[in-house]
Number of protein chains: 4
Amino acid sequence: MTKTVTKPDVCKEEAILSAAVHVFARAGFRGTDVQEIADRAGVGKGTVYRYFGDKQELFWGTAFWVLDKLDQHLTNAISASDSPLGKLRATCRAYGAFFETNPEYLEIFVLDRAEFRGDAPPARRERHEKMIAEFGKIVEAGIAAGEIRPVDARNVVLSLGSTLYGSVVCAAMTAAGDRSLTEMAEHAADIFLTGICAESSKGSEQ
Amino acid sequence: MTKTVTKPDVCKEEAILSAAVHVFARAGFRGTDVQEIADRAGVGKGTVYRYFGDKQELFWGTAFWVLDKLDQHLTNAISASDSPLGKLRATCRAYGAFFETNPEYLEIFVLDRAEFRGDAPPARRERHEKMIAEFGKIVEAGIAAGEIRPVDARNVVLSLGSTLYGSVVCAAMTAAGDRSLTEMAEHAADIFLTGICAESSKGSEQ
Amino acid sequence: MTKTVTKPDVCKEEAILSAAVHVFARAGFRGTDVQEIADRAGVGKGTVYRYFGDKQELFWGTAFWVLDKLDQHLTNAISASDSPLGKLRATCRAYGAFFETNPEYLEIFVLDRAEFRGDAPPARRERHEKMIAEFGKIVEAGIAAGEIRPVDARNVVLSLGSTLYGSVVCAAMTAAGDRSLTEMAEHAADIFLTGICAESSKGSEQ
Amino acid sequence: MTKTVTKPDVCKEEAILSAAVHVFARAGFRGTDVQEIADRAGVGKGTVYRYFGDKQELFWGTAFWVLDKLDQHLTNAISASDSPLGKLRATCRAYGAFFETNPEYLEIFVLDRAEFRGDAPPARRERHEKMIAEFGKIVEAGIAAGEIRPVDARNVVLSLGSTLYGSVVCAAMTAAGDRSLTEMAEHAADIFLTGICAESSKGSEQ
DNA sequence: AATGAATGAGCATTCATTCAT
DNA sequence: TATGAATGAATGCTCATTCAT
């Protein structure tokens, strides 16, 4: 019989995930002692294992949780603007702000990449694709509206994602001495968006 | 008495570093057994410690070694073109090609960020600043030549670095299914450069 | 207050014991997870503890249950023959057949010895003595009838028991490659009984 | 690369095996904490793992070590007598004496059966077969000399082995209250050997 | 200088047992 | 009475680091 995993209490699950973000972010995956997560969550170590099966699943659960929060945050940001370009700008700002407000979440993203490359469970891949598709539609709307040059939407979304990811990771790396994550992301967005704007709307964009 | 570290034999040092790249890249920092590096380098475990002091120093030595190789690779690429914009483009292409040719080097960069955030020893920070300054000069030359809009050179270099970093990391993450690292980096460069080009030179750039 | 143990439902008790035989036989005493016994018995883990107090008591209950079954099986076999020697032969055959039919029961016997040496609760010791006495009477009847040499009945019964135990354990160990448990037991009985028969002239050997 | 196991120091190996016999015999396989073996052997826990790889291999090493000692002990006993029957008798006596002198060795045998049924590594199986063959030759010599009835030598050896095993295990189980292991084994031998002697007229029984 | 044997702190995971519902 | 969620002590195994040879 495979490992039994049940989550009878949503509050405990949240407490564990919240503690896990904190500890993983500080100590890394391998450097984390599950006991510390349990202590910080106020539950027994056995409970952590009952809820998540093993340390890796716990980490994946944590990473998914964070991705979910990011998705919600970005989704909120999108609705704050009407034009496609405005939505993209808002997304970039929200992306930077999200990780500036929660530096621990950024660590989870970095660890995810460092420890598990492409081994993420299907659920996370699907969520990622969903987000890509979502933004792809915005780009296509921008193209239809003449705000964005006719480009391959998926590639542009991947590039924008890469740029934002690189911006926040690198900005956080240089110890906040220079500019905030949000400023970095906005600067990256400026450069990025100006580049993909159609010639006709250059004037209004810059 | 502080830890005695000497490197009497350059060949051994190279062998250890080469082995370290391999093993760190595969297993991560914490997941790496120093014994495996010693075995692969064909030296005793004690020798690794004599040459590098401890595991963390060994990793830093490895990361510095890789950064050095990247620097040389990019420096070569720069000289292949005369115009500032050409140099930047060539740099982007070279950046992608470097990590496409040596995926292990990319892992070292990712691990560096994941495990040690900003704890890198001064030597590496200095080297990093040196590279930033180097490219800053190119940007300034581009501005002077009218190829690049009047921007803050340092910020632009940081943004370009972030973009390239994000591009290769994310491209490698999506399991090569989409495009090669080099293509990703070039695509990122296209968007990036087009955005910072002065209005006057748009035509020739696109 | 001492541990409260009640068995309100005989069906559940049987279900637990039956499951326990299965799991203990497969995994050994220490290797057994009480949860698995509960699952297999279709009851909650708490119920197992309510019925048996703790894991050791559960095992002893299981071993006693099996011993009881063996006793019944051998008692039936005895009644199938009239002569003392016939009864002993029948007992040997039945002994082998019992464990051949129920290999799990043999594991319980082996585990019992391995884990608890002589720590068995008085009830099992008494039951064991009762069986020894029972067979002792048959031996004495055989002696009285002139079928068996005048030997110490208890010692002979202990030896026969040891021989049968050794036979089935060793036979089961050699992976059935050679002969069945029943054949092994019969062979052992042949040698054993022939040896204790009166008529022969064993002068040269003692 | 598979687990590296080296045994650079024979004294340490002996110390570990000796400690392992002691601890396994007292606590059983699962109940044994490898740390205790290390402590008793006066080495670090890591050393135990360096020498034996894992707990199971350590147990197998221990069991083999004991089997080896038994083999030597029995081999010595054999040479003390000239006639085949004498050799078999001497073997039985030696078998009982071996385990009476070293009750811990008996526990190892019992645990071996309880935990690993037939999973023993090939080396131990081969050693076992070698011993069976050795005694088979003695039985055949006995048959040739007319001391033993014409029986299947291998089967007889297996039966004798089973009988002796059962005798010592059962004798030890009944807490030495009755007779010593040696006496039990001799008694078993008496019954066993008398039965396989040629001269008698067992017609009515067979 | 080079080696690799020895060490033991550290950590993931399991599971007997309890007890609130 | 029955349940199963929660717990934390227990234990196998790893690996960074040291140091005698």
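If you're wondering where the values come from, they're calculated on a predicted model, not measured in any experiment.

K.L.:
Explain the pattern of salt bridges to me, using residue names and the numbers behind them.
P.N.:
Under the counting rule described, the total for this entry stands at 46 salt bridges over all chains. One salt bridge in this structure joins A:Glu36 and A:Arg26, with 2.2 Å as the shortest N-O distance. Of this pair, A:Glu36 sits in helix H2 (residues 34-41) while A:Arg26 sits in helix H1 (residues 10-27), placing them 10 residues apart in sequence. Across the pair C:Asp190 and C:Arg89 runs a salt bridge whose closest N-O atoms are separated by 2.7 Å. On the criterion of sequence distance, the pair formed by C:Asp190 in helix H9 (residues 181-196) and C:Arg89 in helix H5 (residues 84-101) is long-range, its members being 101 residues apart. Overall, C:Asp190 belongs to the partly exposed group, its relative accessible area being 22%.

K.L.:
Describe the environment of C:Gly136, listing the residues and the values that go with them.
P.N.:
Residue and element names in this part refer to chain C. Structurally, Gly136 can be placed in helix H7 (residues 122-144). Overall, Gly136 belongs to the buried group, its relative accessible area being 9%. Taking the C-alpha atoms as reference, Gly136 lies 5.7 Å from Arg154; in sequence the two are 18 residues apart. Residues contacting Gly136, with those up to four places away along its chain left out, are Ala153 and Val157.

K.L.:
Residues and numbers for the arrangement of the chains, please.
P.N.:
Highest in contacts among the 4 pairs of chains that touch are chains C and D. A gap remains between chain B and chain C, which never touch, and the nearest two C-alpha atoms on either side lie 30 Å apart. Nothing in chain A touches chain D; the tightest C-alpha to C-alpha distance between them is still 21 Å.

K.L.:
How would you summarise the protein's contact with DNA strand E if you had to cite specific residues and measurements?
P.N.:
Not every one of the 37 residues close to DNA strand E is listed here, only the nearest: A:Lys3, A:Lys55, B:Thr6, B:Thr47 and D:Thr47. Backbone atoms, meaning sugar plus phosphate, form 68% of the atoms of DNA strand E positioned within 4 Å of the protein. D:Gly46 places a polar main-chain atom, nitrogen or oxygen, 3.4 Å from a base nitrogen of DNA strand E. Residue assignment for the surface near DNA strand E shows that the elements contributing at least two residues are helix H3 (45-52) of chain A, helix H3 (45-52) of chain B, helix H3 (45-52) of chain C together with helix H3 (45-52) of chain D. For the surface near DNA strand E, the per-class residue count stands at 10 nonpolar, 10 polar and 17 charged.

K.L.:
Got a sec to walk through the domain arrangement of chain A? Specific residues and values, please.
P.N.:
All names here are of chain A. Partitioning chain A into structural domains gives domain 1 (8-53) and domain 2 (62-194). One C-alpha centre belongs to domain 1, the other to domain 2, and the line joining them spans 27 Å. With 11 residues of domain 1 at the interface, the matching set in domain 2 holds 10 residues. Both faces combined, the contact of domain 1 with domain 2 buries some 960 Å², and carbon together with sulfur accounts for 71% of it. On the surface where domain 1 and domain 2 come into contact, there are 1 salt bridge. The partner of Glu115 in a salt bridge is Arg30, and the shortest N-O contact between them spans 3.0 Å.

K.L.:
Hey, could you go over the protein's contact with DNA strand F for me, with residue numbers and the actual values?
P.N.:
Taken together, 36 residues sit near DNA strand F, with A:Thr47, C:Thr47, D:Lys3, D:Lys45 and D:Lys55 positioned nearest. If you look at DNA strand F and keep only atoms within 4 Å of the protein, 68% of those are sugar or phosphate atoms. At the level of elements, H3 of chain A, H3 of chain B, H3 of chain C together with H3 of chain D are the ones that each hand at least two residues to the surface near DNA strand F. Taken together, the residues of the surface near DNA strand F sort by class into 10 nonpolar, 10 polar and 16 charged.

K.L.:
Would you mind going over helix H8 (residues 153-173) of chain A in detail, with residue names and values included?
P.N.:
Taking 1.5 Å per residue as the helical rise, H8(A) with its 21 residues ought to reach 30 Å, and the 30 Å between its terminal C-alpha atoms agrees with that figure. Among the 21 residues that make up H8(A), 17 are buried, leaving the element largely enclosed by the rest of the structure.

K.L.:
Would you mind going over the packing of helix H5 (residues 84-101) of chain A against helix H6 (residues 103-116) of chain A in detail, with residue names and values included?
P.N.:
All names here are of chain A. In the contact formed by H5 and H6, the axes pass within 4 Å of each other and the chain directions differ by 100°. One finds that H5 runs roughly perpendicular with respect to H6. Mapping the contact onto sequence places Phe98, Phe99, Glu100 and Thr101 in H5 and Pro103, Tyr105, Leu106 and Phe109 in H6. Partitioned by chemical class, the residues of the contact of H5 with H6 number 6 nonpolar, 1 polar and 1 charged.

K.L.:
Can you break down the packing of helix H1 (residues 10-27) of chain D against helix H6 (residues 103-116) of chain D residue by residue, with the values?
P.N.:
What describes two packed helices is the angle between their axes and the distance between those same axes. All names here are of chain D. For the pair H1 and H6, the least separation of the axes is 8 Å and the interaxial angle reads 65°. The angle between the axes of H1 and H6 places the two elements in the roughly perpendicular class. When you trace H1 past H6, the crossing you get is left-handed. The residues of H6 that touch H1, namely those facing Val21, His22, Phe24 and Ala25, are Glu104, Tyr105, Glu107, Ile108 and Leu111. Tallied by class, residues from the contact of H1 with H6 come to 6 nonpolar, 1 polar and 2 charged.

Rules and cut-offs
Residues numbered from 1 in each chain as written. Chains lettered and ligands numbered in written order. Predicted model: local features only at pLDDT ≥ 70, side-chain atom pairs only at ≥ 80, totals over all residues. Heavy atoms only, no water. Salt bridge = Lys/Arg side-chain N within 4 Å of Asp/Glu carboxyl O. Helix = DSSP H or I, 4+ residues; strand = E, 2+ residues; numbered from the N terminus. Buried < 20%, exposed > 50% of the residue type's maximum accessible area, 1.4 Å probe, protein only. Contact = heavy atoms within 4.5 Å. Near = heavy atom within 4 Å. Polar contact = N/O pair within 3.5 Å; in protein donor to acceptor, adjacent residues only side chain to side chain. Nonpolar A, V, L, I, M, F, W, Y, C, P; charged D, E, K, R; others polar. Domains from an automatic or database assignment. Buried area = accessible area lost by both parts, 1.4 Å probe. Expected span 1.5 Å × (residues − 1). Axes fitted to C-alpha atoms, helices over the stretch in contact; angles between N-to-C directions. Parallel < 35°, antiparallel > 145°, perpendicular 65-115°, else oblique. Left-handed = near helix turned anticlockwise from the far one by under 90°.

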